[in-house]
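Coordinate inspection notes
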Amino acid sequence: MARSHLQVEPVAVPKIGSKDVLVRVRAALTCGTDVKVFRRGYHARMIVPPALFGHELAGDIVAMGGDVKGWEIGQRVVAANSAPCGKCYYCLQDQENLCEDLLFNNGAYAEYIRISGANAEKNMYEIPIM
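Model, not experiment: these values are computed from the prediction.

**Describing the layout of surface pockets**
Size it by volume and the second largest pocket reaches roughly 190 Å³. Lining the second largest pocket are Lys 19, Asp 67, Val 68, Lys 69, Trp 71, Pro 84, Cys 85, Gly 117, Ala 118, Ala 120, Glu 121 and Lys 122.

The structure is reproduced here in structure tokens:
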């Protein structure tokens, strides 16, 4: 059965762990996966509503956990929608593209999003100032 209800409501600023990065979202995109989840009501591995939508984003780093290295408050970043777990059979065989437990970003439609340590380390990139 297709889902057809969206709602805008306030959400708390995500708490971050020692390896996570908090990003203030400046742009969030809607991709085909968002549309599929809206119409079908789920994505087998990524998101099951009710949940915050959006996983493609760009923004500014506003906070970081104490163990985060190589990033600074204020840097403009883009974060890919997922990162390999680093622990499954395929990741341990250097075949991260086949990861059995991808770690997904969700919540880019909110003002702030927590980028997990794995995503920040492997799939977050600085947006250069031109």
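Read on for the rest.
**Quick notes on the nonpolar core**
Across soluble globular proteins, nonpolar side chains have a tendency to be buried as a group. Core analysis: the biggest nonpolar cluster contains 14 residues, and Val 21, Val 23, Leu 57, Ile 61, Ile 113, Ile 115 and Met 124 have the highest contact counts within it. Only β1 (21–29), β2 (56–64), β3 (76–79) and β6 (112–115) provide two or more residues apiece to this core. The element best represented in this core is β1, accounting for 3 residues.

**As for the sheet that holds β2**
As summarised here, the arrangement of the 5 strands in space is β6-β1-β2-β3-β7, forming an open sheet in which the pairing is antiparallel. Every interior strand has two partners, whereas the edge strands, β6 and β7 (124–126), have only one. Across the sheet, the mean angle from the axis of one strand to that of its neighbour is 40°, orientation sign disregarded. The pairing of β2 with β3 spans 4 bridges and is classified as antiparallel. Paired with Leu 57 across the strands is Ala 79, a residue of β3.

**A closer look at the side chain of Asn 119**
Tracing the backbone shows Asn 119 in helix α3 (residues 117–123). Setting aside residues up to four positions removed in sequence, Asn 119 forms contacts with Ser 82, Ala 83, Leu 103, Phe 104, Asn 105 and Met 124.

**Some points on the environment of Ile 61**
Structurally, Ile 61 can be placed in strand β2. In this structure the C-alpha to C-alpha distance between Ile 61 and Val 25, which are 36 residues apart in sequence, comes to 9.0 Å. Excluding its chain neighbours within four sequence positions, the residues that come into contact with Ile 61 are Val 21, Leu 22, Val 23, Trp 71, Glu 72, Ile 73, Gly 74, Gln 75, Val 77 and Met 124.

Definitions and cut-offs
Residues numbered from 1 in each chain as written. Predicted model: local features only at pLDDT ≥ 70, side-chain atom pairs only at ≥ 80, totals over all residues. Heavy atoms only, no water. 1 Å grid on protein atoms, 1.4 Å probe; cavity = no way out; pocket = protein on both sides within 12 Å on 5 of 7 lines; lining within 4 Å. Points joined across faces, edges and corners; volume = space filled by probe spheres on them. Core = buried A, V, L, I, M, F, W, Y, C linked by side-chain atoms within 4.5 Å. Buried < 20%, exposed > 50% of the residue type's maximum accessible area, 1.4 Å probe, protein only. Helix = DSSP H or I, 4+ residues; strand = E, 2+ residues; numbered from the N terminus. Pairing = 2+ DSSP bridges. Axes fitted to C-alpha atoms, helices over the stretch in contact; angles between N-to-C directions. Contact = heavy atoms within 4.5 Å.

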